[in-house]
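Next come the chains, spelled out residue by residue.
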Amino acid sequence: MKYSKEDKPERAAGAGAGARAVPVALVVIVLCAFSFYLGGVYSTGRSLIDAIQPGPTLLTLGATSTSHSSSSDQPHPSPSAAAAAIAFPECPADFQDYTPCTDPKRWRRYGNYRLSFMERHCPPPPDRQQCLVPPPKGYKPPIRWPKSKDQCWYRNVPYDWINSQKSNQHWLAKDGDRFRFPGGGTMFPNGVGAYVDLMAALIPGMRDGTVRTALDTGCGVASWGGDLLGRGILTVSLAPRDNHEAQVQFALERGIPAILGIISTQRLPFPSAAFDMAHCSRCLIPWTEFGGLYLLEIHRVLRPGGFWVLSGPPINYENRWHGWNTTAQAQKADFDRLKKMLAAMCFKLYNMKGDIAVWQKLPDGACYDKLTPVTMPAKCDDSVDPDAAWYVPMRSCVTAPSAKYKKLGLGTTPKWPQRLGVAPERINVVPGSSAGAFKQDDAKWKLRAKHYKALLPALGTDKIRNVMDMNTVYGGFAASLIKDPVWVMNVVSSYGPNSLSVVYDRGLIGVNHDWCEAFSTYPRTYDLLHLDGLFTAESHRCEMKFVLLEMDRILRPTGYAIIRDSTYFLDSVAPIAKGMRWSCEKRSTENKADKDKVLICQKKLWAGKQ
């Protein structure tokens, strides 16, 4: 049936216009009000959902006296001052050494090829834990540096496998309520000091500041890296999560830089030409297998003119073969193959004595000019950035030094400590960077560090040893603490401008990382975590709750966090921090007119109920 205007009933005179006018006016008023509301919301930078939800309240470390803080430093209560904290349960007791992305409980899901199951395999979002990792029973604050270099509390790292299985090698020894580290190792029976003395005699650059950064693969309990700290050489000690249980955790508990990692199928999380020296002391890496692929990765991360040091099979096979469950002929063949491979990769045998052999990565282009895309090994093309190192497969090709850098090689790079304050050549490849920006950044962090020490008196003392700068640019915060008894792990976002090469060129250490995932370390391994605008930069990708839970996992009980960000994000941290049993206090920056604020937090020491 069809309807027409004529079929509709007539309205009373005047009723039509008035009836329509009222709804239209209401709609206009509602739309105007809603538009005004949205303008207010977005002018503050908040999302609509955030604006509707009640604002969090801020925690304090205690009553803040007016003697050290102006009223502008004090938290302003939100309209919803009674907003409840997010409650997080305790993880089960067997999570005390939980490493989410290198979890042995999940290894069987992945293939055995080249031990790739030991690489990073992070749980999918539905499987991510939302609980607080408990400390071991009897845990107490670590022994302070420098005493911690030689001892740690047994209950903090209650793993006795190395002590019981390798007691004859003197890696560590159980002594009452603590472990002691006498400095032994598989290849240095006379102690790590004598071993490094011999190495320094073979590499004079270890004594004059030429060699500053080092990589130790298969580090054990990091005795080598620990000894080098006293010689002005900063080492990243690397070992996988394996049946030694906690070798990386032993290193960090002692105050020695270390991360979980393995040379397998993916590049190590470092830029090219990062380290002045790399080391393997019977690290059991099959260097000559897979076409020398693992050697090519060492070549990539070594600075031109840098040194690769090997002790253990097949070095000194003439005197050692009988202890290696092999024959002298087999070890000689392996040594010859190793030398041939290294020569083809533009290494030269630099020096050798006793159990130690040293190769040097050639700095000039003559050797690399002989390589082509079809030689064995091939020369890498330009299709993959040599500095890209976050989930990037290793390549079976040689990364040639770039001709545009004249001061990148060891010997042309300024010696330590002068190199710390010199803007590196590679600053120009970082988007938006320059030598001038580098100098300004350095000056800025000197002021900030001074202010942080006023807010947190423990910074600069032996109460804080292991520090992480969770989103650095040039390593400015680490440089400002260089005279303090700390070391700093500089983290450069895998999703931002890759400035990590600049960090290494300065003589500092760090890694690429994505904070939407867990970091490659054990629980309770850092005394201080520093964030500068991380939540503002990554809020579109990473959920704040999981970033903070990861911070809680890797932060030592009684450890600190310095969170510098906008007031909105700092207020959003508060209920989560309270649920993690942190106490926090919001303070002004060194520039009180700055819109950003600083949140100083401390993690409480608590005992698990399970």
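What you are looking at is a predicted structure, and each value in this text was computed from that prediction instead of being measured. (Residues numbered from 1 in each chain as written. Predicted model: local features only at pLDDT ≥ 70, side-chain atom pairs only at ≥ 80, totals over all residues. Heavy atoms only, no water.)

Topic: the overall build of the chain
For step 1, the next point in the chain: Scanning the chain from N- to C-terminus turns up 16 helices and 19 strands.
For step 2, the next point in the chain: Counting across all 610 residues of the chain, residues that qualify as buried make up 54%.
For step 3, the next point in the chain: The contacts of the chain with a sequence gap of at least 6 include a subset with a gap of at least 24, amounting to 69%. (Helix = DSSP H or I, 4+ residues; strand = E, 2+ residues; numbered from the N terminus. Buried < 20%, exposed > 50% of the residue type's maximum accessible area, 1.4 Å probe, protein only. Contact = heavy atoms within 4.5 Å.)

Brief notes about the sheet that holds strand 10 (residues 356-361)
For step 1, the next point in the chain: The sheet built from seven strands is open, its strands ordered 6-5-4-7-8-10-9 with mixed pairing. Two strands lie at the open edges of the sheet, namely strand 6 (258-260) and strand 9 (347-353), each paired on one side alone. Within the sheet, the average angular offset between the axes of one strand and its neighbour, ignoring direction, is 20°.
For step 2, the next point in the chain: Contacting strand 8 (302-311), strand 9 and strand 10, helix 9 (residues 328-344) crosses the sheet at an angle of about 20° to strand 10. (Pairing = 2+ DSSP bridges. Axes fitted to C-alpha atoms, helices over the stretch in contact; angles between N-to-C directions.)

What to know about the environment of arginine 506
For step 1, the next point in the chain: As for its placement among the helices and strands, arginine 506 is situated in the loop between helix 13 (500-505) and strand 15 (509-513).
For step 2, the next point in the chain: Judged by relative accessible area, which is 0%, arginine 506 ranks as buried.
For step 3, the next point in the chain: For arginine 506, the contacting residues outside a window of four places in its chain are Trp416, Arg419, Leu420, Pro424, Phe438, Asp442, Tyr474, Gly475, Gly476 and Ala479.

Section: the packing of aromatic side chains
For step 1, the next point in the chain: Taken as a whole and judged by the stated rule, the model has 22 aromatic pairs.
For step 2, the next point in the chain: Considering the side-chain rings of tyrosine 154 and phenylalanine 179, the 5.2 Å spacing of their centres and the 70° angle between planes classify their relative orientation as edge-to-face. Of this pair, tyrosine 154 sits in the loop between strand 1 (151-153) and helix 3 (161-165) while phenylalanine 179 sits in strand 3 (residues 178-180), placing them 25 residues apart in sequence.
For step 3, the next point in the chain: What makes phenylalanine 179 buried here is its relative accessible area of 0%.
For step 4, the next point in the chain: The interplanar angle of 50° and the centroid separation of 5.9 Å between the aromatic rings of phenylalanine 438 and tyrosine 474 together place this pair among those described as tilted. Pair noted here: phenylalanine 438 is in helix 11 (residues 435-455) and tyrosine 474 is in the loop between strand 13 (466-469) and helix 12 (476-480), with a separation of 36 residues, a long-range link. In this structure, phenylalanine 438 and tyrosine 474 share a single accessibility class: buried. (Phe/Tyr/Trp six-rings, centres within 6.5 Å; stacked < 30°, edge-to-face > 60°.)

Brief notes about the sheet that holds strand 13
For step 1, the next point in the chain: Reading across from one edge, 15-14-13-16-17-19-18 is the order of the seven strands in this open sheet, with mixed pairing throughout. Unpaired on one side and paired on the other, strand 15 and strand 18 (582-588) mark the two borders of the sheet. With direction set aside, neighbouring strand axes in the sheet form an average angle of 20°.
For step 2, the next point in the chain: Where helix 15 (residues 544-554) meets the sheet, it contacts strand 13, strand 16 (526-532), strand 17 (555-566), strand 18 and strand 19 (596-603), and its direction lies at approximately 145° from that of strand 17.

Concerning the nonpolar core
For step 1, the next point in the chain: Core analysis: the largest hydrophobic core is formed by 119 residues, its most contacted members being Leu215, Phe270, Trp287, Trp308, Trp359 and Met551.
For step 2, the next point in the chain: Per-element tally for this core: the top contributor is helix 15, with seven residues.
For step 3, the next point in the chain: Residues Phe188, Val192, Val309 and Leu410 belong to the second largest nonpolar core, which totals 21 residues. (Core = buried A, V, L, I, M, F, W, Y, C linked by side-chain atoms within 4.5 Å.)

Quick look at the side chain of aspartate 514
For step 1, the next point in the chain: One can find aspartate 514 in the loop between strand 15 and strand 16.
For step 2, the next point in the chain: Owing to a relative accessible area of 5%, aspartate 514 belongs among the buried residues under this scheme.
For step 3, the next point in the chain: Within the structure, aspartate 514 has its side chain in polar contact with the backbone nitrogen of cysteine 516 (distance 3.0 Å).
For step 4, the next point in the chain: At a separation of 2.8 Å, a polar atom in the side chain of aspartate 514 contacts the side chain of arginine 541.
For step 5, the next point in the chain: Ignoring any residue separated from it by four or fewer positions in sequence, one finds aspartate 514 in contact with Trp390, Ser494, Tyr495, Arg541 and Cys542. (Polar contact = N/O pair within 3.5 Å; in protein donor to acceptor, adjacent residues only side chain to side chain.)

Side note on the pattern of salt bridges
For step 1, the next point in the chain: Scanning the entire structure with this criterion turns up 35 salt bridges.
For step 2, the next point in the chain: In this structure, aspartate 227 and arginine 231 form a salt bridge, with 2.7 Å as the shortest nitrogen-oxygen distance.
For step 3, the next point in the chain: We classify arginine 231 as partly exposed; its relative accessible area is 31%.
For step 4, the next point in the chain: One salt bridge in this structure joins glutamate 590 and arginine 564, with 2.8 Å as the shortest N-O distance. Here glutamate 590 is found in the loop between strand 18 and strand 19, whereas its partner arginine 564 is found in strand 17, with 26 residues between them in sequence.
For step 5, the next point in the chain: You can call glutamate 590 partly exposed: its relative accessible area is 31%. (Salt bridge = Lys/Arg side-chain N within 4 Å of Asp/Glu carboxyl O.)

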